[in-house]
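Now for the letters of each chain:
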Amino acid sequence: MRKPRKIVVRLKGGLGNQMFQYAAAFAVAARNGMELVVDTRTGFARDRLYRRSFSLDKFNVSDRHASFYEQMPFWLEAIADRFIPRARDFSGNRPWGLHIVEKQFQIYPELISRRYDRSIWLDGGWQTEKYFEEMGEPVADRFRIPEPREEKFVALVSEIRQRNAIAIGIRLYEEAPPGAHDAAPFSFYEQAARRVANDVENPVFYLFCTMREPIDGKLDLPGDIRYVTHDDGYTGELNRLWLLTRFRCHVISNSSFYWWGAWLAEKTLPEVRVWAADLFPNPETIPERWEQLEVLGPKTVQERCRSPSSVQEAR
């Protein structure tokens, strides 16, 4: 009798990163008739800088969590990488199954087209919708967000329905060491806002950020400004993500959290438009239908497709 196959996905990073990892694994499992198993421990065990933890339990995600023995292959791979010099391939056969790792930030077509006859241990960021594009609706259903009960959020949605509202997602990487990430400068948001103002009459800009102080009064935008930060009472990661899905226009930095806000908005509202900074490590992260705005100018594939191991996990 054939042993049931499964795909064990190693989750890591913030909420947006985990959503990418889960969506890619969900699609691979569906295409191959596999059980989806989520590893909620090994990817966070050494996250001393950001102190992230498993966050997908807030969604319609009820897949089985990996057992100690199902987590063990990821520990063994980490030990081997540390003590045994070797060139890691995209996929490698192991006694327990197939180990698939994202070596660089780029698209791996094999993960989409190949049909697998062995169980898979999946480790990477997988930050492009191309891995789950044909399953957009089921993925969106898994990430369905309940409407917040807080009156502040409900009132803001009522307000944006009456205005030409633009969500601007600002990622400062304030918790990371200097130089750990390419944060979009304020000039990017100002440039993008001017582009939006050419197409949208009387725009009102809603600035999403974790804190207000670093951005308060710092941006010169062609329209009224509202602040949507923790300091302004808009608390709760999931509540803020839900709020993003109510905007038809998005300007986003290189943040997977804001990426998902815009993507889920497309599944919620008609005629959503997105302007995105070109700072995502994976050039395939920004869908072709979104407008890509240069921040640092053209980059070569070699410059952009850095090894995931060389970049700190961020949301």
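Look up a bit, the structure's there.
If you're wondering where the values come from, they're calculated on a predicted model, not measured in any experiment.

1. Points about the overall build of the protein
Helices and strands together make up the secondary structure of the protein, namely nine helices and twelve strands. Only carbon and sulfur atoms are counted for the fraction: they give 47% of the accessible area of the protein, which is about 14,900 Å².

2. Some points on helix H6 (residues 186-199)
Given a rise of 1.5 Å per residue, 14 residues ought to cover 20 Å, and the 21 Å separating the end C-alpha atoms of H6 matches this to within 8%. Considered for burial, the residues of H6 that qualify are Phe188, Tyr189, Glu190, Ala192, Ala193 and Val196. Its buried side turned inward, H6 meets strand S7 (164-169), strand S8 (203-208), strand S10 (249-252), strand S11 (273-277) and strand S12 (291-293).

3. Considerations on the nonpolar core
With 71 residues, the main nonpolar core has Phe59, Phe132, Phe143, Leu241, Leu243 and Trp260 as its most contacted residues. Element by element, the count of residues in this core is highest for helix H1 (residues 15-32), at eleven residues. Setting aside residues up to four positions removed in sequence, Phe132 forms contacts with Phe20, Ala23, Ala24, Ala27, Val139, Trp259, Trp260 and Trp263. Core analysis: the second largest hydrophobic core is formed by 23 residues, Cys209, Leu219, Val251 and Trp275 among them.

4. Some words on the packing of helix H7 (residues 237-244) against helix H8 (residues 256-266)
In contact at an axis separation of 8 Å, H7 and H8 are set at 45 degrees when each is read in the N-to-C sense. Judged by the angle between their axes, H7 and H8 are oblique. The handedness of the crossing between H7 and H8 comes out as right-handed. Between H7 and H8, the residues in contact are Glu237, Arg240, Leu241 and Leu244 and Phe257, Tyr258, Trp260, Gly261, Leu264 and Ala265, respectively. Partitioned by chemical class, the residues of the contact of H7 with H8 number seven nonpolar, one polar and two charged.

5. Brief notes about the pattern of salt bridges
What the rule picks out here adds up to 20 salt bridges. Between Glu35 and Arg64 there is a salt bridge, with its nearest N and O atoms 2.9 Å apart. Residue Glu35 is found in strand S2 (residues 35-39), and its partner Arg64 is found in strand S3 (residues 64-65); the two are separated by 29 residues along the sequence. Using a relative accessible area of 36% as the deciding quantity, one classes Glu35 as partly exposed. For Arg64, a relative accessible area of 34% puts it in the partly exposed group. Residue Glu291 pairs with Arg195 through a salt bridge whose shortest N-O separation is 1.8 Å. In this pair, Glu291 sits in strand S12 while Arg195 sits in helix H6, placing the two residues 96 residues apart along the sequence. For Glu291, a relative accessible area of 25% corresponds to the partly exposed category. Note on Arg195: relative accessible area 35%, which makes it partly exposed. Each of Lys6, Glu35, Arg64 and Glu70 takes part in one network of salt bridges that share partners.

6. Looking at the sheet that holds S3
The strand order across the open sheet formed by six strands is S3-S2-S1-S6-S5-S4, and the pairing between neighbours is mixed. Unpaired on one side and paired on the other, S3 and strand S4 (91-94) mark the two borders of the sheet. Here three bridges tie strand S1 (residues 6-10) to strand S6 (residues 120-123), and the two strands are oriented parallel to one another. Note that in S6 the partner of Val8 across the bridge is Trp121. Contacting S1, S2 and S6, H1 runs over the sheet at an angle of about 170 degrees to S1.

7. Side note on the packing of aromatic side chains
Counting across every chain of the model gives 20 aromatic pairs. On the numbers, 6.2 Å between centres and 25 degrees between planes, the contact of Tyr22 with Phe26 is stacked. Taken together, the residues span about one helical turn, with Tyr22 and Phe26 both in helix H1 at a distance of four residues. Among the residues examined, Phe26 registers a relative accessible area of 13% and is labelled buried. Three or more aromatic residues link up through ring pairs in this structure, and these residues are Phe20, Tyr22, Phe26, Phe59, Phe132, Phe143, Trp259, Trp260, Trp263 and Trp290.

8. Concerning the pairing of S11
With respect to burial, S11 is a largely interior element, four of its five residues being buried. For S10 and S11, the ladder comprises four bridges, and the chain directions are parallel. Counterpart to Val251 in the pairing with S11 is Trp275. With H8 bridging S10 and the parallel S11, this β-α-β connection has right-handed handedness. Where S11 meets S12, three bridges bridge the pair, whose relative direction is parallel.

Rules and cut-offs
Residues numbered from 1 in each chain as written. Predicted model: local features only at pLDDT ≥ 70, side-chain atom pairs only at ≥ 80, totals over all residues. Heavy atoms only, no water. Helix = DSSP H or I, 4+ residues; strand = E, 2+ residues; numbered from the N terminus. Areas by Shrake-Rupley, 256 points an atom, 1.4 Å probe, with all protein chains shown as cover. Expected span 1.5 Å × (residues − 1). Buried < 20%, exposed > 50% of the residue type's maximum accessible area, 1.4 Å probe, protein only. Contact = heavy atoms within 4.5 Å. Core = buried A, V, L, I, M, F, W, Y, C linked by side-chain atoms within 4.5 Å. Axes fitted to C-alpha atoms, helices over the stretch in contact; angles between N-to-C directions. Parallel < 35°, antiparallel > 145°, perpendicular 65-115°, else oblique. Left-handed = near helix turned anticlockwise from the far one by under 90°. Nonpolar A, V, L, I, M, F, W, Y, C, P; charged D, E, K, R; others polar. Salt bridge = Lys/Arg side-chain N within 4 Å of Asp/Glu carboxyl O. Pairing = 2+ DSSP bridges. Phe/Tyr/Trp six-rings, centres within 6.5 Å; stacked < 30°, edge-to-face > 60°. Right-handed = clockwise from strand over helix to strand, strands pointing away.

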